[in-house]
Amino acid sequence: MEIKKSIEQFFNPHFDELTMFATGYSLILLITSGIIKEWKTISFSIDGDNPFIYILVLMLFIGLFLTIYHAFSNREKTLLEKKAMVLFMGIINGATGIWGGYYILLIEKEVLIVFPILNFISGAVLLGGLRSGNINEDNIDDENASIKQVVLSTIIVSTVFVIFHFIFESHWLITLTACVSYATNFNKKFNGLLLRANNLS
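Rules behind the numbers
Residues numbered from 1 in each chain as written. Predicted model: local features only at pLDDT ≥ 70, side-chain atom pairs only at ≥ 80, totals over all residues. Heavy atoms only, no water. Helix = DSSP H or I, 4+ residues; strand = E, 2+ residues; numbered from the N terminus. Buried < 20%, exposed > 50% of the residue type's maximum accessible area, 1.4 Å probe, protein only. Contact = heavy atoms within 4.5 Å. Phe/Tyr/Trp six-rings, centres within 6.5 Å; stacked < 30°, edge-to-face > 60°. Expected span 1.5 Å × (residues − 1). Polar contact = N/O pair within 3.5 Å; in protein donor to acceptor, adjacent residues only side chain to side chain.

(A) Up close: the side chain of Ser-153. Among the structural elements, Ser-153 can be located in helix α6 (residues 147-167). Ser-153 sits in the buried class, given a relative accessible area of 0%. Discounting chain neighbours no more than four positions away, the residues touching Ser-153 are Leu-18, Phe-21, Asn-187 and Asn-191.

This is the structure in structure tokens:
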């Protein structure tokens, strides 16, 4: 039963505020710590004649804002907000998985491939589900995260970031991949274990 439940959850994931916050916070850490300085070295281009690209970028920024806002707000999420948030989660996981995997395999060739693999699989499921309509606003949970959970997630994600970015001195893409992988796959469970262990839940 547990295996069946895990498989069902994998192909039909539900995102709580804590997971979305940790993912959004990971991206903000990278943006504020120097990703802009390396922008010219990124092999990525935007078609200036395609307005869809600008709409997509705008949606991503809206999704990023909402992941942070709703972690601190008790206000109920609207239908449009949920759509933006699930799109944000799908694209961030898919992009970090594909982009991070390419970088590690062709440039780094490290054991760290486990992070982009996790993100790639998760992102592929999300993007496929978004396209088919099987994953939608119903996959965004309405339960509010507590301030204790948010604070602990902030500390842990910040620690992962410091380890990879400053101690290992990894490329920013590797750091982002590791942070997003932790946020999506481990943050909620690890957060709950720590809070229960310290009688703070």
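(B) Representation of the packing of aromatic side chains. Inspection of the entire model under this criterion finds six aromatic pairs. Their ring planes at 85 degrees and their centres at 5.8 Å tell us that Phe-161 and Phe-166 sit as a pair that is edge-to-face. When its relative accessible area of 49% is taken as the criterion, Phe-166 is described as partly exposed. Three or more aromatic residues joined by ring pairs form one cluster here, namely Phe-21, Tyr-25 and Phe-72.

(C) Highlighting unusual backbone geometry. The phi dihedral of Glu-169 is positive, around 55 degrees, even though this residue is not glycine. Locating Glu-169 in the fold gives a position in the loop between α6 and α7 (172-185). Assessed through its relative accessible area of 64%, Glu-169 is described here as exposed.

(D) Region of interest: helix α2 (residues 17-32). Its 16 residues place the ends of α2 22 Å apart at the C-alpha level, agreeing with the 22 Å of an ideal helix rising 1.5 Å per residue. Within α2, 13 of the 16 residues are buried, which leaves the element mostly enclosed by the surrounding structure. Capping of α2 at its N-terminal end is provided by Asp-16; its side-chain oxygen lies 3.0 Å from the backbone amide nitrogen of Leu-18.

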